[in-house]
Amino acid sequence: MTVSTAVAACLPFAAGAVFAHLPTAAVAAGLGSLNTGSVLARFTAGWLTGVAAITAAGLVVIDTAVLASDSSGWVRWLRVALGLVLLLLGIRKLVARVRNGPTQEEPGWVGTARNLSGAKAFVTAFLLGSVNPKSAVIALSAVAVIVDASSVVAAQIAATVVFVVVSSLGVAAPAVALLVFRDRARRPMSTVVDRFVEYSDMVLIAILLALGLYMTVNAI
């Protein structure tokens, strides 16, 4: 029951992360259509390692702080703070979108997908999954919810693994598609990238605002 409670608590953030990380998934799709499978494999491995690293680090830090303070009551306020950060990230992007209008320039992640190669693909994906502010805040939000839902370490670890796997489904999908369908997957991935370019900003804004609102209201 404790494991299921912790998993259920983090699933909304894992699902939201899938959509919030769509630009990174598009980078992976771009790599699948423009580069060799080995580059995409390294990018996917780097992403999974980065998300796992920031999530595990967050779990260790928050659990240690709970033990040191002999109370978990402050975790709820941490959840409120992280929810507000997500809201601010979404509002900031929304204001920039309203002020500047739809950009006519190629999004930066498209150029990233075009230029990545070798070990650089792993390092770039690792940084995107770990120290990137959006990724870090979402991962830490999920960890805070997990810790607040259960004090059992085994249940927390199980829920953390579920979060890492589910939240990475979108980014890992191009690598799986290329592995299963080979070259037949390249054209559909290229189409996905082309279609996503136009709406990536609005999708990210909507997800950040929705996750931030859910986190804040749920914690309060």
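Residues numbered from 1 in each chain as written. Predicted model: local features only at pLDDT ≥ 70, side-chain atom pairs only at ≥ 80, totals over all residues. Heavy atoms only, no water.

Asks: I tried to follow the overall build of the chain on my own but got confused; where do I start?
Replies: Of the regular secondary structure elements, the chain holds 10 helices and zero strands. When the helices and strands of the chain are placed in sequence order, the string is α-α-α-α-α-α-α-α-α-α. The contacts of the chain with a sequence gap of at least 6 include a subset with a gap of at least 24, amounting to 87%. Approximately 10900 Å² of the chain is accessible, and the part contributed by carbon and sulfur atoms is 69%. (Helix = DSSP H or I, 4+ residues; strand = E, 2+ residues; numbered from the N terminus. Contact = heavy atoms within 4.5 Å. Areas by Shrake-Rupley, 256 points an atom, 1.4 Å probe, with all protein chains shown as cover.)

Asks: What is the right way to look at the nonpolar core in this model?
Replies: For soluble globular proteins, the rule of thumb is that nonpolar side chains tend to be buried together. Residues Phe-13, Leu-31, Phe-43, Ile-62, Ile-138, Val-147 and Phe-163 are the most contacted members of the largest nonpolar core, which totals 47 residues. A per-element tally of this core places helix α7 (residues 133-149) first, with 10 residues. (Core = buried A, V, L, I, M, F, W, Y, C linked by side-chain atoms within 4.5 Å. Buried < 20%, exposed > 50% of the residue type's maximum accessible area, 1.4 Å probe, protein only.)

Asks: For this particular structure, what's the right way to read a nonpolar patch on the surface?
Replies: There is a patch of nonpolar side chains on the surface, built from Val-153, Ile-157, Val-161, Val-165 and Leu-169 and spanning about 440 Å² of accessible area. In terms of residue count, helix α8 (residues 153-167) provides more of the nonpolar patch than any other element does, four residues in total. Its location among the elements puts Val-165 in helix α8. Residue classification places Val-165 among the partly exposed positions, given a relative accessible area of 47%. (Patch = residues over 30% accessible without salt bridge, like charges linked within 9 Å, V, L, I, M, F, W, Y side chains within 5 Å. Salt bridge = Lys/Arg side-chain N within 4 Å of Asp/Glu carboxyl O.)

Asks: So what exactly am I meant to see when it comes to helix α9 (residues 169-181) here?
Replies: Each turn of an α-helix holds 3.6 residues, which means side chains three or four residues apart point in the same direction. Compared with an ideal rise of 1.5 Å per residue, which puts 13 residues at 18 Å, α9 spans 17 Å between its outermost C-alpha atoms and is within 8% of the ideal. Residues of α9 that are buried: Gly-170, Val-171, Ala-172, Pro-174 and Leu-178. Once α9 ends, the next one or two residues include Arg-182, with phi positive near 60°. (Expected span 1.5 Å × (residues − 1).)

Asks: Would you take a moment to explain the UniProt feature "transmembrane region" (unreviewed entry) in the chain for this structure?
Replies: Per the UniProt record, the feature "transmembrane region" (unreviewed entry) sits at residues 44-62, 74-91, 161-181 and 202-219. Along residues 161-181 the backbone is 95% helical and 0% strand, and the end-to-end C-alpha distance reaches 27 Å. Secondary structure over residues 202-219 splits into 100% helix and 0% strand, and the C-alpha atoms at its two ends are 26 Å apart. (UniProt positions renumbered as here; feature names shortened; annotations may be inferred.)

Asks: Help me understand the side chain of Ser-135, please; the structure alone is not making it clear to me.
Replies: Inspection of the secondary structure puts Ser-135 in helix α7. For Ser-135, the residues in contact, after removing those within four places along its chain, are His-21, Trp-47, Leu-128 and Gly-129.

Asks: Looking at this model, I keep getting lost on the packing of helix α1 (residues 2-20) against α8. Mind explaining?
Replies: Two numbers describe how α1 lies on α8: the axes approach to 8 Å, and their chain directions differ by 25°. Taken together, the axis directions place α1 and α8 in an arrangement best described as roughly parallel. The handedness of the crossing between α1 and α8 comes out as right-handed. Here α1 contributes Thr-2, Val-3, Ala-6, Val-7, Cys-10, Leu-11, Phe-13, Ala-14, Ala-15, Ala-17 and Val-18 to the contact with α8, which in turn contributes Ala-155, Ala-158, Ala-159, Val-162, Phe-163, Val-166 and Ser-167. When the residues that make up the contact of α1 with α8 are grouped by side-chain class, the tally is 16 nonpolar, two polar and no charged. (Axes fitted to C-alpha atoms, helices over the stretch in contact; angles between N-to-C directions. Parallel < 35°, antiparallel > 145°, perpendicular 65-115°, else oblique. Left-handed = near helix turned anticlockwise from the far one by under 90°. Nonpolar A, V, L, I, M, F, W, Y, C, P; charged D, E, K, R; others polar.)

Asks: Would you mind showing me how to read the side chain of Ser-168 here?
Replies: By the secondary structure assignment, Ser-168 is in the loop between α8 and α9. A polar side-chain atom of Ser-168 sits 3.2 Å from a polar atom in the side chain of Trp-47. Beyond its immediate sequence surroundings of up to four residues, Ser-168 is in contact with Trp-47, Leu-48 and Val-51. (Polar contact = N/O pair within 3.5 Å; in protein donor to acceptor, adjacent residues only side chain to side chain.)

Asks: How do you make sense of the environment of Ala-20 when you look at a structure like this?
Replies: Within the secondary structure, Ala-20 is located in helix α1. For the pair Ala-20 and Leu-211, spaced 191 residues apart in sequence, the C-alpha to C-alpha distance is 9.3 Å. Beyond its immediate stretch of four places on either side in the chain, Ala-20 contacts Lys-134, Ile-138, Leu-204 and Ile-207.

Asks: Before we go on, may I ask you to explain α1 in this structure?
Replies: With 19 residues, α1 extends 28 Å from end C-alpha to end C-alpha; this agrees with the ideal 27 Å at 1.5 Å per step. At Cys-10, α1 is bent by approximately 35°, the largest bend along its length, and proline Pro-12 sits one to four residues beyond. Residues Ala-6, Val-7, Ala-9, Cys-10, Phe-13, Ala-14, Gly-16, Ala-17, Val-18 and Ala-20 constitute the buried set of α1. (Bend = angle between axes of the 7 residues up to and from the residue.)

Asks: What is the right way to read the confidence of the model for the chain from this model?
Replies: Should pLDDT be low for a region, the predicted coordinates there are not to be read in detail. Mean pLDDT over the chain works out to 80, with 81% of the residues at or above the 70 mark. Averaged pLDDT values over the elements of the chain bottom out at 62 in helix α5 (residues 108-115) and peak at 92 in α8. (pLDDT = per-residue confidence, 0-100.)

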